[in-house]
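What the coordinates show
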Amino acid sequence: MSKILIVMSAADVWERADGSAYPTGYWAEELAAPHEKFVQAGFTVDFASPGGVLQPLDAHSANPEVAGPDCAHHVQHAERALREFGPLLKLDEVDVADYVALVLPGGHGPVVDLYQDADLGRLLTEADAAGKVIGAVCHGPAGLLSAIDAEGRWVFEGRRMAAFTDEEEQLFGTADNAPWLLAATLRDRGAAHSGGPAYQAYTVRDRNLFTGQNPASSAPMAQEIVAALAEEK
């Protein structure tokens, strides 16, 4: 049975520009919606993180006033999936050859650790070179920044992608004191970043790279990945 790897952050705190601590964790919908789509399509899903650390749930993603009326379903699905999987795999022990796709959900964690994680960078570089499917949603695309080749070049330079926009970060209330903004940084590094209306589903495909702008983009991105993998069979 084909396997997909969901790579989570291990961060539970986002240090702000003024040194204050902002609690963070995985965003339920961004983990649950892709997992649900992948399992329904017949894939086995593994979870990994730096050091195999299980990141906590971001409490905002369990608040219907923030995350919408379906958030309870996403929280329950994510917690059950993680509980049933058991201890997370350690990124430094993962072999990319075992998977047909790598997927990076968000929450603010990826801007804390995954953007500079060398083990993730290795996996993404190997996956892209092999033409494997790579997916990232919301703040997950921060993890793409870790993929630096032997010549010091960013593997995804020039590629079209979506990510949580600077406008959305401002609307969420976390832009002004952020150490850096994701969409702006992706553009500065050479990505062809584009965005849709704030908090509306928006996805971009560039060859084997599938990205989504925000939590609402999680299920559409996953569905596009499932369709692309079906074409490869």
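Use the structure listed above.
Notes on the structure in this doc start here. From a predicted model like this one, the values you see are computed outputs, not experimental measurements.

Cut-offs and rules
- Residues numbered from 1 in each chain as written.
- Predicted model: local features only at pLDDT ≥ 70, side-chain atom pairs only at ≥ 80, totals over all residues.
- Heavy atoms only, no water.
- Salt bridge = Lys/Arg side-chain N within 4 Å of Asp/Glu carboxyl O.
- Helix = DSSP H or I, 4+ residues; strand = E, 2+ residues; numbered from the N terminus.
- Buried < 20%, exposed > 50% of the residue type's maximum accessible area, 1.4 Å probe, protein only.
- Phe/Tyr/Trp six-rings, centres within 6.5 Å; stacked < 30°, edge-to-face > 60°.
- Pairing = 2+ DSSP bridges.
- Contact = heavy atoms within 4.5 Å.
- Axes fitted to C-alpha atoms, helices over the stretch in contact; angles between N-to-C directions.
- Expected span 1.5 Å × (residues − 1).
- Polar contact = N/O pair within 3.5 Å; in protein donor to acceptor, adjacent residues only side chain to side chain.
- Core = buried A, V, L, I, M, F, W, Y, C linked by side-chain atoms within 4.5 Å.

**What to know about the pattern of salt bridges**
Under the definition given, this model contains eight salt bridges. For glutamate 126, the salt bridge is made with arginine 122, and the minimal N-O distance between the two is 3.8 Å. Remark: arginine 122 and glutamate 126 occur in helix 4 (residues 118-129); sequence separation between them is four residues, near one turn of the helix. With a relative accessible area of 29%, arginine 122 lands in the partly exposed category. Here the salt bridges do not stand alone but share partners, grouping Asp128, Arg159, Arg160, Asp206 and Arg207 into one network.

**Digging into the packing of aromatic side chains**
Scanning the model with the defined rule gives six aromatic pairs in all. Measuring from centroid to centroid gives 5.6 Å for phenylalanine 47 and phenylalanine 85, while their planes differ by 75 degrees, and the two rings are edge-to-face. In this pair, phenylalanine 47 is assigned in strand 4 (residues 44-49) and phenylalanine 85 in helix 3 (residues 71-85), connecting sequence segments 38 residues apart. Residue phenylalanine 85 is classed as partly exposed on the basis of its relative accessible area of 25%. On the basis of an interplanar angle of 70 degrees and a centroid distance of 6.3 Å, the ring pair of tryptophan 154 and phenylalanine 156 is categorised as edge-to-face. Judged by relative accessible area, which is 3%, tryptophan 154 ranks as buried. Under the relative-accessibility criterion, phenylalanine 156 is labelled buried at 0%.

**A look at the sheet that holds strand 4**
The strand order 5-4-1-6-7-11-10 describes an open sheet built from seven strands, whose pairing is mixed. In the strand order of this sheet, the two ends are held by strand 5 (89-90) and strand 10 (203-206), each with one partner. As judged from the five bridges shared by strand 1 (residues 3-7) and strand 4, these two strands associate in the parallel manner. Bridge pairing in strand 4 links lysine 3 to threonine 44. Relative to the sheet, helix 1 (residues 28-40) contacts strand 1, strand 4, strand 6 (101-104) and strand 7 (133-137), its axis offset from that of strand 4 by approximately 150 degrees. The sheet contacts of helix 3 involve strand 4 and strand 5, and relative to strand 4 the element is tilted by about 85 degrees.

**Quick look at helix 3**
A rise of 1.5 Å per residue sets the reference length of helix 3, with its 15 residues, at 21 Å; its end C-alpha atoms lie 21 Å apart and thus fit the reference within 8%. The elements touched by buried residues of helix 3 are helix 1, strand 4 and helix 2 (64-67).

**Overview of the side chain of threonine 185**
Topologically, threonine 185 is positioned in helix 6 (residues 182-188). Among the polar contacts listed, one links the side chain of threonine 185 to the backbone oxygen of leucine 181, at a separation of 2.7 Å. Beyond its immediate sequence surroundings of up to four residues, threonine 185 is in contact with Leu145 and Trp180.

**Focus on the side chain of serine 218**
Here serine 218 lies in helix 7 (residues 218-232). Residue serine 218 is classed as buried on the basis of its relative accessible area of 0%. A distance of 2.8 Å separates the side chain of serine 218 from the backbone oxygen of proline 215, its partner in a polar contact. Apart from residues no more than four positions distant in its own chain, serine 218 is found in contact with Glu29, Glu30, Ala33, Pro34 and Val137.

**Section: the nonpolar core**
Counting 33 residues, the largest nonpolar core has Leu102, Leu124, Leu144, Trp154, Phe156, Met161 and Leu186 as its most contacted members. Going through the elements one at a time, strand 1, strand 6, helix 4, strand 7 and helix 6 are the ones with two or more residues in this core. Among the elements that make up this core, the one with the highest residue count is helix 4 (four residues). Apart from residues lying up to four places away in sequence, leucine 144 is in contact with Leu104, Leu124, Ile134, Trp154, Phe156, Met161, Leu209 and Thr211.

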